[in-house]
Amino acid sequence: MEFYRSEEYRELPDEFNGNIREEPVRESGKKKLLQLLISFAAVTLLIFPITITGHAESEPIIPDEPVIIEPKVEEYEIVGKWQHDGQYYEFFEDGNAYWSNGGLFVLLKWQKMEDNNFSVKGEGTFSVFDGSISYGAVDFTTSNNDGKVMMMQYGDRGGYAEFERAEFNLHTEDVVRLFYSEFSDRLIGKWWQEGQRHHEDEGYYVYISDLVFSESTVHVVISSYISDRQVEYDMPYVKDPSFPDTYMTIGDGTKMYIEEYPSVNSTYSYDTELLRVYHFITDKGESLLVEGINSNFFSKW
């Protein structure tokens, strides 16, 4: 029940209260403690429910998977004709190819690799000069450089170079036919002498006139070109295991020997225990260079 103080119950002036002053009411210790606990509980309820709830509902942090950037593989084609500085390549769709310097040819095989570059392999003779022959293996991988294909050069300008697409006609009809047979099969049979490197004015009066190959031996005929004198041998031949389609030797240690008498007072003798045979290809087909007694060129043309 609420009471209102009327005018008759107004507080007395101070002069009627003497020296007595009204002091604020002091709360007891228990009451203070209770208030502190209530305040602490209120603050705790404001903070901990949020913290606890937030912790309970948050998902575990999983680091992102590493981003793997695959290298960009640029597609390009190898089929067609390419040239650089007097050297040429032509790649055919069936995996055959050739290298040429315009005079000699080397037969090749190619295939596409997983990285879209191309593997090119083969062997052959790259140059035949007077007293100098260059032959070896082809084994390299192409690469694409803004539309120019990096391929190997051979001879005195060796090393990688940028080949560009080109149009040329190297008269390769007889060369291309060789793709579809093995040299070991083509070797069997008779090879005709086409000429020799050294002649009478250089002191050579003889040459090898005939070579007839079987599977393991070769019949060798050495003849004079100023008389009817000749000698014949049947000798084994051995292919180089590293370059079986390019280099072989004829002989078993037996001396192959012939004499020639260009005049009454002169005698020339020629002998060798080993003939060195180099296989090379021109636009007319394949040939053999036989060194040992003179330097002799043979073909099956």
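Not measured: the values here are computed from a predicted model.

Caption draft 1: Layout of the overall build of the protein. If you tally the helices and strands in the protein, you get three helices and 19 strands. The buried share among the 301 residues of the protein stands at 35%. Here the analysis covers contacts within the protein between residues at least 6 apart in sequence; of these, 47% occur between residues at least 24 apart. Of the roughly 19,900 Å² that the protein leaves accessible, carbon and sulfur atoms contribute 52%.

Caption draft 2: Highlighting the side chain of Thr246. Structurally, Thr246 can be placed in the loop between strand S13 (230-239) and strand S14 (247-250). For Thr246, a relative accessible area of 1% gives the class buried. Look past the residues within four positions of Thr246 in its chain and what remains in contact with it is Glu123, Gly124, Thr125, Tyr135, Val277, Tyr278 and His279.

Caption draft 3: Fine view of a negative patch on the surface. A contiguous patch of negative charge, built from Glu182, Asp185, Glu215 and Asp245, is present on the exposed surface. Relative to the helices and strands, Asp185 is located in helix H3 (residues 183-187).

Caption draft 4: Examining the packing of aromatic side chains more closely. Counting across every chain of the model gives 24 aromatic pairs. Seen in terms of ring centroids, Tyr89 and Phe163 are 5.2 Å apart; in terms of plane orientation they differ by 75°. Their pairing is edge-to-face. Taken together, the positions of Tyr89 in strand S2 (residues 87-91) and Phe163 in strand S9 (residues 159-165) put the pair 74 residues apart, joining distant regions of the chain. In this structure Tyr89 comes out as buried when scored by relative accessible area, which is 0%. Residue classification places Phe163 among the buried positions, given a relative accessible area of 0%. Plain terms: the ring middles of Tyr135 and Phe243 are 5.5 Å apart, the flat faces sit at 90° to each other, and that makes the pair edge-to-face. Of this pair, Tyr135 sits in strand S6 (residues 132-141) while Phe243 sits in the loop between S13 and S14, and the two are 108 residues apart along the sequence. Over the face of the ring belonging to Phe168 we find Lys81, whose NZ or CZ atom lies 5.2 Å from the ring centre.

Caption draft 5: Molecular detail of the pattern of salt bridges. Per the counting criterion, the structure on display carries eight salt bridges. Across the pair Glu164 and Lys148 runs a salt bridge whose closest N-O atoms are separated by 3.4 Å. In this pair, Glu164 sits in strand S9 while Lys148 sits in strand S8 (residues 148-153), placing the two residues 16 residues apart along the sequence. Residue Glu164 is classed as partly exposed on the basis of its relative accessible area, which comes to 38%. With a shortest N-O distance of 2.2 Å, Arg177 and Asp174 are connected by a salt bridge. Given the relative accessible area of 54%, Arg177 is considered exposed. Through salt bridges with shared partners, one network takes in Lys148, Glu162 and Glu164.

Caption draft 6: Seen up close, the confidence of the model for the protein. Per-chain confidence: the protein averages 82 in pLDDT, with 75% of residues scoring 70 or above. Confidence drops under pLDDT 50 across residues 1-28; counting only partners more than four residues distant or on other chains, this segment forms five contacts. Ignoring residues within four places in sequence, the model shows residues 41-56, a span with pLDDT below 50, making two contacts including any to other chains.

Caption draft 7: View of the nonpolar core. By size, the foremost hydrophobic cluster in this structure holds 25 residues, and its most contacted members are Leu211, Phe213 and Ile250. Within the residue set of this core, elements represented by two or more residues are H3, strand S11 (206-213), strand S12 (217-224), S13, S14, strand S15 (256-263), strand S17 (275-282) and strand S18 (285-292). Considering every element that reaches this core, the biggest residue donor is S11, with four residues. Excluding residues within four positions of it along the chain, Leu211 makes contact with Gly189, Lys190, Trp191, Val218, His219, Val220, Ile250, Val290 and Phe298. Core analysis: the second largest hydrophobic core is formed by 21 residues, Tyr76, Phe91, Ala97 and Phe118 among them.

Caption draft 8: Layout of unusual backbone geometry. In the Ramachandran plot, His171 falls in the positive-phi region, its phi being about 55° despite a non-glycine side chain. Classification of His171 as partly exposed rests on a relative accessible area of 45%. Even without being a glycine, Asn294 presents a positive backbone phi close to 65°. Relative to the helices and strands, Asn294 is located in strand S19 (residues 294-299).

What counts, and at which threshold
Residues numbered from 1 in each chain as written. Predicted model: local features only at pLDDT ≥ 70, side-chain atom pairs only at ≥ 80, totals over all residues. Heavy atoms only, no water. Helix = DSSP H or I, 4+ residues; strand = E, 2+ residues; numbered from the N terminus. Buried < 20%, exposed > 50% of the residue type's maximum accessible area, 1.4 Å probe, protein only. Contact = heavy atoms within 4.5 Å. Areas by Shrake-Rupley, 256 points an atom, 1.4 Å probe, with all protein chains shown as cover. Patch = residues over 30% accessible without salt bridge, like charges linked within 9 Å, V, L, I, M, F, W, Y side chains within 5 Å. Salt bridge = Lys/Arg side-chain N within 4 Å of Asp/Glu carboxyl O. Lys, Arg positive; Asp, Glu negative; His and termini not counted. Charge placed at Lys NZ, Arg CZ, Asp CG, Glu CD. Phe/Tyr/Trp six-rings, centres within 6.5 Å; stacked < 30°, edge-to-face > 60°. Lys NZ or Arg CZ within 6 Å of the ring centre and 35° of its normal. pLDDT = per-residue confidence, 0-100. Core = buried A, V, L, I, M, F, W, Y, C linked by side-chain atoms within 4.5 Å.

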